[in-house]
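Letter by letter, the chains look like this.
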Amino acid sequence: MATQLDRRLELEAQVLFHLWAEGATPFRRLMELLKVQQPAARAAVTSLARKRYIFKLFEPPDREDDSIYYLTSGAKERLAQLFQGDPRYYLKQLWYALKQEETKLPKPRVS
């Protein structure tokens, strides 16, 4: 059974992966891609921004859901290093990296 931390980290990994794959992305598009409600998507985006993995590239004055997010240069570099190998495992590798960082556990090798 997935814990609340595991679920949040899974959403964060998905946000990072989609921003890496698609580039600058509006928040409403991220909600569609993640297939989650706004509070869960907002919590993942807020957590990643606090960790300085993403930033708000554009914030419209009237609609928060139209805010556009993008990866920081440091996050792009880390993802480029992490995403070497078979693309089938990218999301799994990203989840493990976030889990290790959050819980300070050693990262398992994914092959």
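This one's a predicted model, so the numbers in the text were calculated from it and none came from an experiment. (Residues numbered from 1 in each chain as written. Predicted model: local features only at pLDDT ≥ 70, side-chain atom pairs only at ≥ 80, totals over all residues. Heavy atoms only, no water.)

## Quick look at the packing of helix α4 (residues 73–82) against helix α5 (residues 90–103)
Running from N to C, α4 and α5 cross one another at 120 degrees; their axes reach a closest spacing of 10 Å. Between α4 and α5, the angle falls in the class oblique. In terms of crossing hand, the pair formed by α4 and α5 is right-handed. Contact with α4, carried on its side by Arg78, Leu79 and Leu82, involves Gln93, Leu94, Ala97 and Glu101 of α5 and no other residues of that element. Of the residues assigned to the contact of α4 with α5, the class counts are 4 nonpolar, 1 polar and 2 charged. (Axes fitted to C-alpha atoms, helices over the stretch in contact; angles between N-to-C directions. Helix = DSSP H or I, 4+ residues; strand = E, 2+ residues; numbered from the N terminus. Parallel < 35°, antiparallel > 145°, perpendicular 65-115°, else oblique. Left-handed = near helix turned anticlockwise from the far one by under 90°. Contact = heavy atoms within 4.5 Å. Nonpolar A, V, L, I, M, F, W, Y, C, P; charged D, E, K, R; others polar.)

## Overview of the sheet that holds strand β3 (residues 68–71)
Read across the open sheet, the 3 strands follow the order β1-β3-β2; overall the sheet is antiparallel. Where the open sheet ends on each side, the last strands, each with one partner, are β1 (25–26) and β2 (54–58). The sheet contact formed by β1 and β3 spans 2 bridges and is antiparallel. Along β3, the bridge assignment pairs Pro26 with Ile68. Along the sheet, helix α1 (residues 4–22) makes contact with β1, β2 and β3, crossing β3 at roughly 85 degrees. (Pairing = 2+ DSSP bridges.)

## Considering the environment of Glu64
Relative to the helices and strands, Glu64 is located in the loop between β2 and β3. Of the residues examined, Glu64 reaches a relative accessible area of 33% and is grouped as partly exposed. Taking the C-alpha atoms as reference points, Glu64 and Phe27, separated by 37 residues in sequence, lie 7.9 Å from one another. (Buried < 20%, exposed > 50% of the residue type's maximum accessible area, 1.4 Å probe, protein only.)

None of the figures reported here should be taken as evidence of function without further support.
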